[in-house]
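Geometric and topological summary
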Amino acid sequence: FAKRNGVTMADLLKQKLVARYRQTCSASKSMRKLFLFVGAGVGLIELVKAVQTSSINGVVFELFSAVIAAGSGCFINQWPDAEQAVLAFKLAFFISLIQLATFATHLNGDMKLPENSWPLGVFFFAVSWGLDRYMLYTLNRTLKVISELGEVMEDAQRKTISETRNTKNDKPKRNKNENDKHTLAPESKKDR
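The structure reproduced in this document is the subject of the present report. (Residues numbered from 1 in each chain as written. Predicted model: local features only at pLDDT ≥ 70, side-chain atom pairs only at ≥ 80, totals over all residues. Heavy atoms only, no water.)

**Notes on the overall build of the protein**
Broken down by element type, the protein carries four helices and two strands. A buried classification covers 25% of the 192 residues belonging to the protein. Across the protein, every contact between residues at least 6 apart in sequence was considered, and the portion connecting residues at least 24 apart equals 70%. As displayed, the protein has an accessible area near 14,300 Å², and 60% of this comes from carbon and sulfur atoms. (Helix = DSSP H or I, 4+ residues; strand = E, 2+ residues; numbered from the N terminus. Buried < 20%, exposed > 50% of the residue type's maximum accessible area, 1.4 Å probe, protein only. Contact = heavy atoms within 4.5 Å. Areas by Shrake-Rupley, 256 points an atom, 1.4 Å probe, with all protein chains shown as cover.)

Shown next as structure tokens:
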């Protein structure tokens with residue numbers, strides 16, 4: 001690869017790829033922090049609504065949303081570690097299913113919930129799970145592009161090196177006298 005200002009194009013491309021990877025990770029962290037903030041808000045709202053309701057069904061329904069928001073937050077933030085984050089995901093998913101079933105029975109009229117009861121925890125869980133899938137997709141896509149371009153750059157660099165070696169080997173060997181234009185080749189006896 002050609003050098004510009006002492007930096008090869010391959011190095012420049014690697015620097016750009018690493019910058020892109022860092023940018024993707026930074027965007028993912030920012031989205032995670034935003035969602036944790038939103039999740040804390042959902043959890044707090046649901047806890048306040050649970051305290052204000054008088055029916056036990058309403059309290060349990062709103063507490064489900066708060067637990068789902070907390071579990072989703074742990075899952076999104078990968079806190080405290082990856083194994084426990086998966087456990088938090090499973091817990092939030094299971095409680096989301098229970099909350100959806102409870103809300104469906106409320107809509108059918110079989111169970112009475114307070115007015116304006118919506119399964120906000122389920123919505124937050126669904127959106128946070130989709131967000132996590134998107135962040136993993138973009139991260140994996142960036143890593144795939146980096147590895148593919150790295151392979152292409154290595155192949156191109158190997159090809160350039162082998163071409164350089166081949167051109168060095170193809171050059172004809174010179175006589176010491178070839179460089180000296182004034183030296184004449186010795187005359188043979190037949191030419192005399």
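Back to the text.
**Some thoughts on a nonpolar patch on the surface**
Together, Met 31, Tyr 134 and Tyr 137 make up an exposed nonpolar region whose accessible area comes to about 330 Å². With respect to the helices and strands, the residue Tyr 137 is situated in helix α4 (residues 120-170). (Patch = residues over 30% accessible without salt bridge, like charges linked within 9 Å, V, L, I, M, F, W, Y side chains within 5 Å. Salt bridge = Lys/Arg side-chain N within 4 Å of Asp/Glu carboxyl O.)

**Notes on the packing of aromatic side chains**
A ring pair, where both rings are aromatic, is described by two values, the distance of the centres and the angle of the planes. Per the stated rule, a full pass over the model turns up six aromatic pairs. Taking 6.3 Å as the distance between ring centres and 15 degrees as the angle between the ring planes, the aromatic pair formed by Phe 89 and Phe 93 counts as stacked. Of this pair, Phe 89 and Phe 93 are both found in helix α3 (residues 82-108), four residues apart, which corresponds to roughly one turn of the helix. Three or more aromatic residues joined by ring pairs form one cluster here, namely Phe 75, Phe 89, Phe 93 and Phe 125. (Phe/Tyr/Trp six-rings, centres within 6.5 Å; stacked < 30°, edge-to-face > 60°.)

**A short note on the side chain of Asp 132**
Within the secondary structure, Asp 132 sits in helix α4. Looking at Asp 132, the relative accessible area reads 2%, which means it is buried. In contact with Asp 132, not counting residues within four places along its chain, are Arg 32, Phe 75 and Ile 76.

**Examining the side chain of Gln 99**
Turning to its location among the elements, Gln 99 is positioned in helix α3. What makes Gln 99 buried here is its relative accessible area of 0%. For Gln 99, the side chain forms a polar contact with the main-chain oxygen of Phe 61, separated by 3.1 Å. (Polar contact = N/O pair within 3.5 Å; in protein donor to acceptor, adjacent residues only side chain to side chain.)

**Overview of helix α2 (residues 56-77)**
When the terminal C-alpha atoms of α2 are compared, their 31 Å separation across 22 residues agrees well with the 32 Å that a helix rising 1.5 Å per residue should span. Of the residues flanking the end of α2, it is Gln 78, one or two places downstream, whose phi is positive at about 55 degrees. (Expected span 1.5 Å × (residues − 1).)

**Description of the nonpolar core**
Within the largest apolar cluster, six residues are counted, these being Phe 35, Val 42, Ala 69, Phe 124, Leu 131 and Met 135. Taken together, the elements giving at least two residues each to this core come down to α1 (9-52) and α4. Examining the composition of this core, we find that three residues originate from one element, α4, more than from any other. Once you skip the residues sitting within four places of it in the chain, Met 135 turns out to touch Ser 28, Met 31 and Arg 32. Ranked by size, the runner-up nonpolar core spans five residues in total, among them Ala 92, Ile 95, Val 122 and Phe 125. (Core = buried A, V, L, I, M, F, W, Y, C linked by side-chain atoms within 4.5 Å.)

**A word on α3**
Relative to the 39 Å expected for 27 residues at 1.5 Å per residue, α3 spans 39 Å between its end C-alpha atoms, a close match to the ideal helical length. Among all positions in α3, only Ala 85, Ala 88, Ala 92, Ile 95, Ser 96, Gln 99, Thr 102 and Phe 103 are buried. Remark: Gly 109 follows α3 within two positions and exhibits a positive phi of approximately 95 degrees.

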